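Structural features, examined
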Amino acid sequence: MGVDLIDGSSYERDRAPRGAGGISRRSLLRYTAMAGAGAGLGLVGGMAGSASADDTSEPIVKPLPPELFTVFGSNAEMKWEAMQGQGYTTPIDRFFVRDHTRTPLIEAATWRLKLWGTGLRGAPTEAAPIEFDYDQLRRLPAETVTAFIECTGNGRSFYTSQQQQTVTGTAWGLGAVGVARWRGVPLRTVLELAGLSHHAVDVMPRGLDDEWTDAGVNHGHVRRPLPVTKASRDVLLAYEMNGEPLPPDHGFPVRLVVPNWIGIASIKWVGDIQVSDHQLSSPWDTQYYRLFGPGYPAEGSPPITRQVTKSAFELPRQAQLSAGRTHMLHGRSWSGNGRILRVEISTDGGTTWHQAHRQEQEGHRAWLRWTFPWRPAHQGPYELLARAVDETGHAQPDTARYNTLGYLFDAVVRHPVTVS
Ligand SMILES: Nc1nc2c(c(=O)[nH]1)N[C@H]1C(S)=C(S)[C@@H](COP(=O)(O)O)O[C@H]1N2
Ligand SMILES: [Mo]
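Residue positions within a chain follow its written sequence, with the count starting from 1. Following the order in which they are written, the chains are lettered starting with A and the ligands numbered starting with 1. Residue-level local features of this predicted model are given only where pLDDT is at least 70; pairs of side-chain atoms are given and counted only at 80 or more, and the full residue set underlies all totals for whole chains, interfaces and linings. Values reported for side chains reflect all heavy atoms of the structure, with hydrogen atoms and water molecules removed beforehand.

With that settled, the discussion passes to the overall build of the chain. Secondary structure summary: the chain contains six helices and 28 strands in total. Buried, partly exposed and exposed residues are distinguished by accessible area as a fraction of the type maximum, computed with a 1.4 Å probe on protein chains only: under 20%, between the cut-offs, and over 50%, respectively. When each of the 420 residues of the chain is scored for burial, the buried share is 57%. What makes two residues a contact is simply this: any of their non-hydrogen atoms within 4.5 Å. Contacts in the chain between residues far apart in sequence, at least 24 positions, make up 73% of those at least 6 positions apart. Per-residue and other accessible areas were derived by the Shrake-Rupley procedure at a 1.4 Å probe size, with only the shown protein chains allowed to occlude residues. A total of about 16,900 Å² of accessible surface is found on the chain, and carbon and sulfur atoms cover 53% of it. Strands are runs of DSSP state E lasting at least two residues, helices are runs of H or I lasting at least four, and both sets are numbered from the N terminus onward.

What follows covers the pairing of strand E22 (residues 327-334). Counting buried residues along E22, six of its eight residues qualify, which places the element largely inside the surrounding structure. Between any two strands, at least two bridges found by DSSP are needed for them to pair. Summarising the sheet, E22 and strand E26 (residues 368-374) pair through seven bridges and their orientation is antiparallel. Considered in E26, the bridge of serine 333 is made with leucine 368.

Further remarks concern the sheet that holds strand E12 (residues 202-207). Taking strand neighbours across the sheet as the criterion, the five strands line up as E9-E8-E19-E12-E15 in an open arrangement whose pairing is mixed. The sheet terminates laterally at strand E9 (130-133) and strand E15 (226-227), the two strands that pair on one side only. Summarising the sheet, strand E8 (residues 112-116) and E9 pair through four bridges and their orientation is antiparallel. Across the sheet, lysine 114 pairs through a bridge with glutamate 131, a residue of E9.

For this purpose, a residue is taken to be near a molecule or strand whenever a single non-hydrogen atom of the residue falls within 4 Å of it. Residues in contact with ligand 1 amount to 20 residues; listed here are only the nearest, Phe96, Asp209, His250, Arg255 and Lys268. Pairs of N or O atoms within 3.5 Å make up the polar contacts considered here, provided that, within protein, one atom can donate a hydrogen while the other can accept it, and that residues adjacent in sequence are counted only when both atoms are side-chain atoms. Measuring from an oxygen atom of ligand 1, one finds a side-chain N or O atom of arginine 255 at 2.7 Å. Protein contact buries 100% of the 540 Å² of open area that ligand 1 shows by itself.

This brings us to the sheet that holds strand E6 (residues 97-98). The three strands lie next to each other as E4-E5-E6, forming an open sheet whose pairing is antiparallel. Both outer strands of the open sheet, strand E4 (69-72) and E6, are each paired with one neighbouring strand and no more. Pairing between E4 and strand E5 (residues 75-78): four bridges, direction antiparallel. Looking at the pairing, valine 71 lines up with alanine 76 of E5.

By definition, a salt bridge exists where a carboxyl oxygen of Asp or Glu is found within 4 Å of a side-chain nitrogen of Lys or Arg. Scanning all chains against the criterion turns up 15 salt bridges. Residues glutamate 131 and arginine 112 are paired through a salt bridge, measuring 3.9 Å at the closest nitrogen-oxygen approach. Taken as a pair, glutamate 131 in strand E9 and arginine 112 in strand E8 lie far apart in primary sequence, 19 residues in all. Residue classification places arginine 112 among the buried residues on the basis of a relative accessible area of 9%. Note that arginine 181 is salt-bridged to glutamate 362, the shortest N-O span being 2.6 Å.

With that settled, consider the side chain of glutamine 307. By the secondary structure assignment, glutamine 307 is in the loop between helix H6 (283-286) and strand E20 (310-313). At 2.7 Å, the side chain of glutamine 307 forms a polar contact with the backbone oxygen of glutamate 150. If near-sequence neighbours (up to four positions away) are discounted, glutamine 307 is found in contact with Phe148, Glu150, Cys151, Thr152, Asn260, Trp261, Ile262, Gly263, Gly336, Asn337 and Leu408.

Counting 52 residues, the largest nonpolar core has Leu113 and Leu115 as its most contacted members. For this core, the secondary structure elements donating two or more residues are E8, E9, helix H2 (134-139), helix H4 (187-193), helix H5 (228-233), strand E16 (236-241) and strand E19 (270-276). Annotation comment: domain bounds sourced from an automatic or database domain assignment. Split by domain, this core shows at least three residues from each of two domains, domain 1 (8-286) and domain 2 (310-419). Once residues within four sequence positions are removed from consideration, leucine 115 is found in contact with Leu120, Pro124, Pro129, Ile130, Phe132, Val190, Leu191, Ala194, Ile273 and Val275. Core analysis: the next-biggest nonpolar cluster, separate from the first, contains 26 residues, Ile60, Val97, Phe148 and Ala411 among them. Residues belong to a common nonpolar core when they are buried Ala, Val, Leu, Ile, Met, Phe, Trp, Tyr or Cys residues joined through side-chain atoms within 4.5 Å.

For the rest of this paragraph, the subject is unusual backbone geometry. Each neighbour pair has its own omega, and for phenylalanine 252 with proline 253 the value is 5°, a cis peptide bond. By the element assignment, proline 253 lies in the loop between strand E17 (244-245) and strand E18 (255-257). Non-glycine residue tyrosine 289 carries a positive phi angle of around 60°. What makes tyrosine 289 buried here is its relative accessible area of 5%. At glutamine 318, a position not held by glycine, the phi torsion is positive, near 65°.

Shape descriptors only; they carry no functional weight alone.
So, in structure tokens, the structure goes:
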């Protein structure tokens, strides 16, 4: 069953592939390879609107130059020095990418967003869902939200390097975070148009990227439930990032942006959303994205929702600075609980602390920029530290609480530099 939203236009519209403007050479090669594959185009695992590239191409489409990124297979983190001299948001060319499998190339013209389940009036089934096409979504009233997206495991490597603890997962530094201006349709609008029932409890968006297999178990398409309360509050079905159409790696044509929550909530390449009158679950909220380990129940903590408080300097690790002159240190602090109240800096390994100078913070869903002038007196190694407190009183501790999957590293990170 379809919904006519605004102008009664037909679903059967222009099927020409979208233009290749702005797409890297590598992705163009993939695109050409796909087109050559012909018949299979547009169908992967029975889900329309997605196309998988050949397996020899890179999992991430955009260029990942070593000045900007550290690459871990299908994941790439931003080097924090890449934010030097940048504005408030993270430019697309340096925004981190986290793909469970690989970036799919999806055509907007054949893509559909499908909503189904017992939480919608009439309980449409998965086989006969309510559908929206790309143009319909783009004609709905849009909103722009400035928000960070951050991987739950951001900072994970510091469990090992600062706390001598063994954790599993991608050994991120602090660069698995970025802030963008996301533009799209509030999820609430689409849920209401689809007939959201008062009995709805959970919504579960699902990605069109390949099914994900871990330790020999196929977990299916990436998906994670979200309570309807959060889904109706400030979640966006985003189709633009920093004023441009969403790039393939960040979820083209449409992704969820779930502000303040852990990155996995912001499902990319969303193909369908189950809306249910009872709680839903997936491996991404039972086996993963909970805290496991000493002091936690065997089934883990409740599913993680919000991010913690963190800070980073816009400097390379082991930066070289010269003695006897003033350096303006730049950095950013952010929290899943809201605005940053205060940031303190130590340049002597944590003995003395000084207030950083606040710059701007665009709302409670994005980071605060700060500066701190520092004139190192003598040559030698130093450790720079930044610690923030958010408006709910969440401060960065000296030690993060251990969990086996290395999530939510919120401790103050020691940043080594050399003064010469
Ligand atoms: N469909 C789909 N959505 C996804 C993922 C994925 O692999 N597939 N990765 C998630 C994770 S773990 C994170 S941290 C964010 C990363 O978003 P980005 O790649 O745009 O930075 O996307 C989330 N959404
Ligand atoms: Mo993530």
